[in-house]
Amino acid sequence: MPRGRYSLHDPHDHTPLADEHFQCAVGPSGWRYVSQLTTPSGDHRGSVDLTLDELGRPIRLELHAAAWQVRGAALDGVTWVRTDPTGTEATEGNVRAHAFTGTSPAFLVATARLLRLTPSATATRVRLVAFTDPVLAPRTVDQSWALLKREAHTTDSGPLTVDEYQVTALDTGEQHAVHIAGDVVLAAPGIELEDLESPPSLFT
């Protein structure tokens, strides 16, 4: 069960945004990721709780940030309820999309798991609902993912397979690289893996 800490920063000017203390686990029915986020000064900033089924679909999502809350799941595309800070109003949403995304590294692992790409220059298109900080506002985004290469690296705990993805935002054409080993993001724009207490879990 990997557990560790990511540091999140603005990918453009590298302003520190948060530390994400996480743990995740692969089970017979899928994958679960839970984390707590703190500000650079150490204050509580939010949390992530994401569960995927064995096919990589989000069967449960719960996000907290700035007193806002989102709960969602894959249902007729993806469906969610977003609650305001006072708790007096809740808005529902539904989009014909494949999954969710956001600033947490969990969503990169989840999208990679959903697509299950093999190394190739061919890109696969995916539609996602992104919840943007700081108020978890939903926004539909289209991306293309390509698995450029898969390399095995020697480590003290055995061989580690690292996948390098090229992710393209289809509305802007902006491209960036994402490196994932098992269920841990090693590097991505705005994300640095600062600490990992045990090796990544491997999906079967």
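The sections below set out a description of the structure shown in this document. Given the structure is predicted, the values throughout are model-derived calculations rather than measurements. (Residues numbered from 1 in each chain as written. Predicted model: local features only at pLDDT ≥ 70, side-chain atom pairs only at ≥ 80, totals over all residues. Heavy atoms only, no water.)

## Things to note about the pattern of salt bridges
Inclusion rule: Each reported salt bridge corresponds to a side-chain nitrogen of Lys or Arg within 4 Å of a carboxyl oxygen of Asp or Glu. Each helix is a run of H or I in the DSSP string that is no shorter than four residues. Each strand is a run of E no shorter than two, and both are numbered from the N terminus. For each residue, the accessible area found with a 1.4 Å probe, counting protein chains only, is set against the maximum for its type, and the residue is called buried under 20%, exposed over 50%, and partly exposed in between.
One pass over the full model with this rule turns up 12 salt bridges. Across the salt bridge formed by Arg45 and Asp133, the nearest N and O atoms sit 3.8 Å from each other. In this pair, Arg45 sits in strand S4 (residues 44-53) while Asp133 sits in the loop between strand S10 (124-132) and strand S11 (137-155), placing the two residues 88 residues apart along the sequence. The class of Asp133 is partly exposed, set by a relative accessible area of 31%. As a salt-bridge pair, Arg127 and Asp142 come within 2.8 Å of each other at their nearest N and O atoms. In this pair, Arg127 sits in strand S10 while Asp142 sits in strand S11, placing the two residues 15 residues apart along the sequence.

## With respect to helix H1 (residues 105-115)
Within H1, 10 of the 11 residues are buried, leaving the element largely enclosed by the surrounding structure. Listing the buried residues of H1 in full gives Pro105, Ala106, Phe107, Leu108, Val109, Ala110, Thr111, Ala112, Arg113 and Leu115. Directly beyond the C-terminal end of H1, a positive phi value near 50° is found at Arg116.

## Description of the environment of His21
Our working definition: Any two residues whose heavy atoms approach within 4.5 Å are treated as being in contact.
Along the chain, the position of His21 falls in strand S2 (residues 16-27). Considered as a pair, His21 and Gly4 are 17 residues apart in the sequence and their alpha carbons are 5.9 Å apart. Those residues in contact with His21 that sit more than four places away from it in its chain are Gly4, Arg5, Val34, Ser35, Gln36 and Thr38.

## Here we look at the nonpolar core
Worth spelling out the cut-off: Remark: nonpolar core denotes a set of buried residues (Ala, Val, Leu, Ile, Met, Phe, Trp, Tyr, Cys) joined through side-chain atoms within 4.5 Å.
Core analysis: the largest hydrophobic core is formed by 47 residues, its most contacted members being Phe131, Trp145 and Tyr165. Considering each element in turn, this core owes the most residues, seven residues, to H1. Leaving out residues up to four positions away in the same chain, Phe131 has contacts with Leu61, Leu63, Val70, Trp80, Phe100, Thr101, Gly102, Leu136, Ala137 and Pro138.

## Focus: the environment of Leu136
With respect to the helices and strands, the residue Leu136 is situated in the loop between S10 and S11. Here Leu136 falls in the buried class, since its relative accessible area comes to 3%. Through-space distance from the C-alpha of Leu136 to that of Asp84 is 9.8 Å; in sequence the pair is 52 residues apart. When sequence neighbours within four positions are dropped, the list of residues in contact with Leu136 reads Leu63, His64, Ala65, Trp68, Gln69, Val70, Arg82 and Phe131.

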